[in-house]
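These are the residues of each chain, in order.
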Amino acid sequence: MMSAEMRAGTYTAPELDDAFEQELQQMALEVSAPPLEEPREPGLARYLKFQAKDFVKHRGVAILAIALVGLWIFHYNYIPEIVRDEVRHGRSLDAEAERALFRTIVMGGSLLFGGLGSLISAAGIVSRDREGGHQKFLFAKPVRITKFYLQAFAVNGVGLLACGLITLLLTSLAFLRPVPIVEPLLAIGGMYAAVGGLVFLLSTLVRFDLAAALVLGLLSFPLRAMAERGHWWAVATSWLLPPLYKLEAFTPESRRHAYSIVDAIGSLATYGAAYVAIAVAALKKRSIMR
Amino acid sequence: MSLIEFRGVGMRYAPPLRRPVTALDDVWLEVRAGEVLGIAGPNGAGKSTLISILLGYVRPTSGVVAIDEQDPRTYIARNGIGYLSELIDIDPRWTVREALTRFATLGGVLDAQIPLRIHQLMEKLGLGDLADRKFKHLSKGNKQRLGLAQALLREERVLILDEPTHGLDPLWLMRFRGIVAELRRPGRAILIASHNLEELERLCDRVAILDRGRVQRVVDVTRVLPQTAESLWRLTIARGAEQLAHAFPDAADLGRGDWAVHAETLDALNAGLAALIARGVLLAGVAPAQSALELEFHDAVTEVA
């Protein structure tokens, strides 16, 4: 538009022509410009399919590969294991005892799967994006950072459970017999809540979250031993770590133990919720820049 | 109406065991709707910190930043913005098409419109043949064009372009200027941070010169005329350069027939040129040796030093 100063002053014809031309261009622009308020569809829920795809490509395949190796080892060693068990007990196994042994091995394998799978599934959810630097582009879009990462954490958890289910079904096929489904999946879910939650928290705080989680995992054994001996600082510190010892509740021979499955799942879920809540607070407070 | 406002913004980093660094100090700045504002400054002036604060990725230690009267993250989470940075950095395994589809989805573009929108942008920015190429296999210029494409997926009210021409070849540099000129809208605020003063002078309405964390001055480039600036001129002489000393004793040879001369006023310049022509000198060109913005920038930065 022509300024008031320009209107008041004395100008040559070319200057006035230029000003008039500018004014016409501005008017044309205002008419031709598309509206800035174009319709928008919530993006985060639709982005879920990409997060699921990322899980499958970058984590799920690796988890299933490890699980298949584990299944192969289990299948290869199962008969010798029965023989060893018979030798150990000096009697031949009846059908029920053999079923109990099979179940124990499946539960033990599921716990191992849950632990490793939780580490792989939750590692780097935030730290890898921060390190890569593409958070800056993701979060210029209309999306809340906390919701984005909570959705990624949930998608990876569901993905891990799906991998667990596939592994159990493959186990059933490999041995041509039914396998327990609900209890192993509950154990895997509980482990993801607690271990995955802790790794998710670490990924919001440090760069090498997987390494930090492994160090914590290793330290937890001597720490728990010291806590059982009554060292107050060890008791206090061990409160910060997830109560994985309660997973004993899932092993058939420990049914007489103090922990029930409900108690174990409740404790792990509570710890997981607390870790995730702290992670959300960290995401809100902490810069997402490197 | 101001769409973006910095009110007394300061940013002080205090890393443990190291000396605190003041990246920004009492920055007051506004970008009005319909305006293109440039941010210029030497390395370490605080441009990147200013933009990180505007994106809500870093909180200022003092002052307030607002986009449309809202906290930046609140505004962005509700509305989104167009953002391009100097070095676009996304998952190296994504193809051009996949990256744009992801950003369009997250940006809220309707599912039905995504393929067409992406096709149009890829054609406009010369990415059509690279649709299925992975990000890690793109050249620097192609990455930058992909970055621009993702910033333009929606008609956002706020565009932030941080060193947008980084890595672009001269042809795309020219096309980029045309694209940014097309982005002007009455209700849109565009902020461009760049080292390239010529680019800012061509694209922006005003340019804020930032140095040592402070806005040293804001130059209205639509009003500053070359002849009001300091009088260093570039003469291109086709014949008779040996006569130059008669009119401009301090003339400096820039090579290839170009000479730099001082003239305090336009009258003095014209008198000198008339004298040269009278002596048979054949002039091929006269132009300010530095643009008005370059001179303002030079003054602002050296004043502080």
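Definitions and limits used
Residues numbered from 1 in each chain as written. Chains lettered and ligands numbered in written order. Predicted model: local features only at pLDDT ≥ 70, side-chain atom pairs only at ≥ 80, totals over all residues. Helix = DSSP H or I, 4+ residues; strand = E, 2+ residues; numbered from the N terminus. Buried ≥ 20, exposed ≤ 12 C-beta atoms within 10 Å, placed from the backbone. Contact = placed C-beta atoms within 7 Å. Domains from an automatic or database assignment. Nonpolar A, V, L, I, M, F, W, Y, C, P; charged D, E, K, R; others polar. Pairing = 2+ DSSP bridges. Axes fitted to C-alpha atoms, helices over the stretch in contact; angles between N-to-C directions. Parallel < 35°, antiparallel > 145°, perpendicular 65-115°, else oblique. Left-handed = near helix turned anticlockwise from the far one by under 90°. Core = buried A, V, L, I, M, F, W, Y, C linked by C-beta atoms within 7 Å. pLDDT = per-residue confidence, 0-100. Expected span 1.5 Å × (residues − 1). Bend = angle between axes of the 7 residues up to and from the residue.

Colleague: Just checking my understanding: could you explain the overall build of chain A for this structure?
Modeller: Within chain A, the secondary structure is distributed over 11 helices and 0 strands. When the 290 residues of chain A are sorted by exposure, 31% land in the buried category.

Colleague: Help me out: how do you make sense of the overall build of chain B in this one?
Modeller: Tallying secondary structure elements over chain B gives 10 helices and 13 strands in all. With the principal axes as the frame, chain B shows a C-alpha extent of 70 × 50 × 40 Å. The proportion of buried residues among the 305 residues of chain B is 43%. The long-range share in chain B, meaning contacts at least 24 apart out of those at least 6 apart in sequence, stands at 71%.

Colleague: Sorry if this is basic, but what is going on with the domain arrangement of chain B here?
Modeller: Bring the parts together and some accessible area is lost; that lost area is often taken as the interface size. Domain boundaries in chain B define domain 1 (2–220) and domain 2 (231–289). Averaged C-alpha coordinates put domain 1 of chain B and domain 2 of chain B at centres separated by 42 Å.

Colleague: I keep staring at the environment of V106(A) and nothing clicks. Help me out?
Modeller: All names here are of chain A. Note on placement: V106 falls in helix 4 (residues 95–122). Classification of V106 by C-beta neighbours within 10 Å gives buried; the count is 21. Counting along the chain gives 62 residues from V106 to L168, while the straight-line C-alpha distance between them is 8.4 Å. Setting aside chain neighbours within four positions, we find V106 in contact with T171, V179, P180 and P184.

Colleague: Even after reading the chapter, I still don't get the interface of chain B and chain A, so can you show me in this structure?
Modeller: If you look at the interface, chain B gives 33 residues, while chain A gives 28 residues. Sorting the residues of the side of chain B that touches chain A by element identifies helix 2 (72–79) and helix 3 (96–107) of chain B as the ones contributing at least two each. Considering only residue class, the side of chain B that touches chain A consists of 13 nonpolar, 9 polar and 11 charged.

Colleague: Explain the sheet that holds strand 1 (residues 2–13) of chain B here, please?
Modeller: In a beta sheet, neighbouring strands pair by backbone hydrogen bonds and run either parallel or antiparallel. Residue and element names in this part refer to chain B. Spatially, 2-1-4 is the arrangement adopted by the 3 strands of the open sheet, whose pairing is antiparallel. Looking at the sheet topology across the chains shown, the edges are occupied by strand 2 (21–32) and strand 4 (62–67). Adjacent strand axes in the sheet meet at a mean angle of 15°, parallel and antiparallel pairs treated alike. Sheet topology places strand 1 next to strand 2; 8 bridges connect them, and they run antiparallel.

Colleague: Even after reading the chapter, I still don't get the packing of helix 3 of chain B against helix 5 (residues 140–151) of chain B, so can you show me in this structure?
Modeller: When two helices pack together, their arrangement is given by the angle between the helix axes and the distance between those axes. Residue and element names in this part refer to chain B. For the pair helix 3 and helix 5, interaxial distance at closest approach is 9 Å and the crossing angle is 25°. Here helix 3 is positioned roughly parallel relative to helix 5, judged by the angle of their axes. Crossing angle aside, the handedness with which helix 3 passes helix 5 is right-handed. Counting all contacts with helix 3, which are made through V96, A99, L100 and F103, the residues of helix 5 involved are L146, A149 and Q150. Of the residues that constitute the contact of helix 3 with helix 5, the class distribution is 6 nonpolar, 1 polar and no charged.

Colleague: Please explain the environment of A77(B) as it appears in this structure.
Modeller: Take A77(B): it is sitting in helix 2. Along the backbone, A77(B) and W259(B) are 182 residues apart, and their C-alpha atoms lie at a distance of 54 Å. If we skip the residues at most four places from it in the chain, A77(B) touches P142(A), V143(A) and R144(A).

Colleague: Could you clarify how one ought to interpret the nonpolar core in this entry?
Modeller: Most often, soluble globular proteins have nonpolar side chains that are buried together. Residues I160(B) and L191(B) are the most contacted members of the largest nonpolar core, which totals 129 residues. The element that contributes the greatest number of residues to this core is helix 8 (residues 182–205) of chain A, accounting for 13 residues. In this view, L191(B) contacts I4(B), V31(B), L37(B), I39(B) and I160(B); residues no more than four positions away in its chain are not counted. Membership of the second largest hydrophobic core comes to 10 residues, among which are W233(B), L244(B), L276(B) and V281(B).

Colleague: Would you mind going over the sheet that holds strand 10 (residues 232–239) of chain B with me for this structure?
Modeller: Residues and elements named next belong to chain B. Ordered in space as 11-12-10-13, the 4 strands form an open sheet in which the pairing is antiparallel. Unpaired on one side and paired on the other, strand 11 (252–255) and strand 13 (282–288) mark the two borders of the sheet. When strand polarity is set aside, the average angle formed by the axes of neighbouring strands in this sheet is 30°.

Colleague: Explain the confidence of the model for chain A to me, please; I cannot follow it from the model alone.
Modeller: For any part of a model where pLDDT is low, the fine detail of the predicted coordinates should not be relied upon. Residue and element names in this part refer to chain A. Mean pLDDT over chain A: 84, with 84% of residues reaching 70 or higher. When the elements of chain A are averaged for pLDDT, helix 1 (residues 4–8) gives the smallest value, 46, and helix 7 (residues 145–175) the largest, 96. Segment residues 1–8 is flagged for pLDDT under 50; beyond a separation of four residues in sequence, or across chains, it makes 7 contacts in the model.

Colleague: Hey, could you run me through unusual backbone geometry in this one?
Modeller: One can expect most non-glycine residues to show negative phi and most peptide bonds to be in trans. One non-glycine residue, L17(B), lies in the positive phi region at around 65°. Mapped onto the secondary structure, L17(B) falls in the loop between strand 1 and strand 2.

Colleague: Looking at this structure, how should I read the environment of G60(A)?
Modeller: All names here are of chain A. Relative to the assigned elements, G60 resides in helix 3 (residues 44–89). Through-space distance from the C-alpha of G60 to that of V87 is 39 Å; in sequence the pair is 27 residues apart. Non-local contacts of G60, meaning those with residues more than four positions away in its chain, are made with F55, G159 and C163.

Colleague: When you look at the pairing of strand 1 of chain B in this model, what are you seeing that I'm missing?
Modeller: Here is the key point about a regular strand: its side chains alternate between the two faces of the sheet. The pairing of strand 1 of chain B with strand 4 of chain B spans 5 bridges and is antiparallel. The residue of strand 4 of chain B that forms the bridge with E5(B) is A66(B).

Colleague: Before we go on, may I ask you to explain helix 9 (residues 209–228) of chain A in this structure?
Modeller: Structurally, the α-helix is built with 3.6 residues per turn, so residues lying three or four positions apart point the same way. Residues and elements named next belong to chain A. Counted at 1.5 Å a residue, the expected span for helix 9 with its 20 residues is 28 Å, and the 28 Å between its end C-alpha atoms agrees. Along its length, helix 9 shows its largest kink, about 30°, at S220, and proline P222 lies within four residues downstream of that point. Of the residues trailing helix 9, G230 is marked for its positive phi of about 95°.

Colleague: Looking at this structure, I do not really get helix 2 of chain B. What am I missing?
Modeller: All names here are of chain B. What helix 2 keeps buried is the set P72, Y75, I76, A77 and N79. For helix 2, the secondary structure elements touched by its buried residues are helix 1 (47–54) and strand 4. Within two residues after helix 2, G80 carries a phi angle of roughly 80°, on the positive side.

Colleague: What is the right way to read the packing of helix 8 of chain A against helix 9 of chain A from this model?
Modeller: Residues and elements named next belong to chain A. At their nearest, the axes of helix 8 and helix 9 sit 9 Å apart, and the two run at 130° to each other. Here helix 8 lies oblique to helix 9, going by the angle between them. Seen from above, helix 8 lies across helix 9 with right-handed handedness. From helix 8, L198, V199, L202 and S203 reach across to helix 9, where they touch D209, A212 and A213. When grouped by side-chain class, the residues that make up the contact of helix 8 with helix 9 number 5 nonpolar, 1 polar and 1 charged.

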